[in-house]
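Working through the structure, step by step
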Amino acid sequence: MITIGNHTVMPVLDAVVRREPTQAFPTTTPESWTPHRDLLAADGRLELFLGGYVLRSGPRLVLIDAGVEPDGWSSP
């Protein structure tokens, strides 16, 4: 949670997607992930946390969620 003046921004987690790193980032290779193994889960997959934000400003709440592409999440 972050407070900026009278505004509060709260993250909302609605899914965790687990993918092979090269599936999530198709221009990479397994070798290019070797120096970044610390960013991967124990099984070698990349965990991507998806969600949005709730903005509270005084009595008002705003949900900010850009969603995913029309056919569902595939890759950037």
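Placed above this text is the structure.
Given the structure is predicted, the values throughout are model-derived calculations rather than measurements.

Here's the deal with the environment of F49
Looking at the element boundaries, F49 is found in strand β3 (residues 46-57). For F49, a relative accessible area of 54% translates into the label exposed. Each C-alpha atom, one on F49 and one on V12, is 9.9 Å from the other, the two residues being 37 residues apart in sequence. Leaving out residues up to four positions away in the same chain, F49 has contacts with L13, A15 and V16.

Comments concerning the packing of aromatic side chains
Applying the stated rule across the entire model yields one aromatic pair. When the ring of F25 is compared with that of W33, the centres are 6.1 Å apart and the planes differ by 40 degrees; the resulting orientation is tilted. By relative accessible area, which is 34% here, F25 ends up partly exposed.

Quick look at a nonpolar patch on the surface
A cluster of nonpolar side chains, contributed by L13, V16 and F49, occupies part of the molecular surface with about 310 Å² of accessible area. Within the secondary structure layout, V16 lies in strand β2 (residues 7-19). Of the residues examined, V16 reaches a relative accessible area of 42% and is grouped as partly exposed.

A short note on the sheet that holds β3
Taking strand neighbours across the sheet as the criterion, the four strands line up as β1-β2-β3-β4 in an open arrangement whose pairing is antiparallel. Both edges of this open sheet fall to β1 (2-4) and β4 (60-64), since each of them pairs with a single strand only. On average, each strand axis in the sheet is tilted by 25 degrees relative to the strand beside it, whichever way the strands run.

Conventions adopted
Residues numbered from 1 in each chain as written. Predicted model: local features only at pLDDT ≥ 70, side-chain atom pairs only at ≥ 80, totals over all residues. Heavy atoms only, no water. Helix = DSSP H or I, 4+ residues; strand = E, 2+ residues; numbered from the N terminus. Buried < 20%, exposed > 50% of the residue type's maximum accessible area, 1.4 Å probe, protein only. Contact = heavy atoms within 4.5 Å. Phe/Tyr/Trp six-rings, centres within 6.5 Å; stacked < 30°, edge-to-face > 60°. Patch = residues over 30% accessible without salt bridge, like charges linked within 9 Å, V, L, I, M, F, W, Y side chains within 5 Å. Areas by Shrake-Rupley, 256 points an atom, 1.4 Å probe, with all protein chains shown as cover. Salt bridge = Lys/Arg side-chain N within 4 Å of Asp/Glu carboxyl O. Pairing = 2+ DSSP bridges. Axes fitted to C-alpha atoms, helices over the stretch in contact; angles between N-to-C directions.

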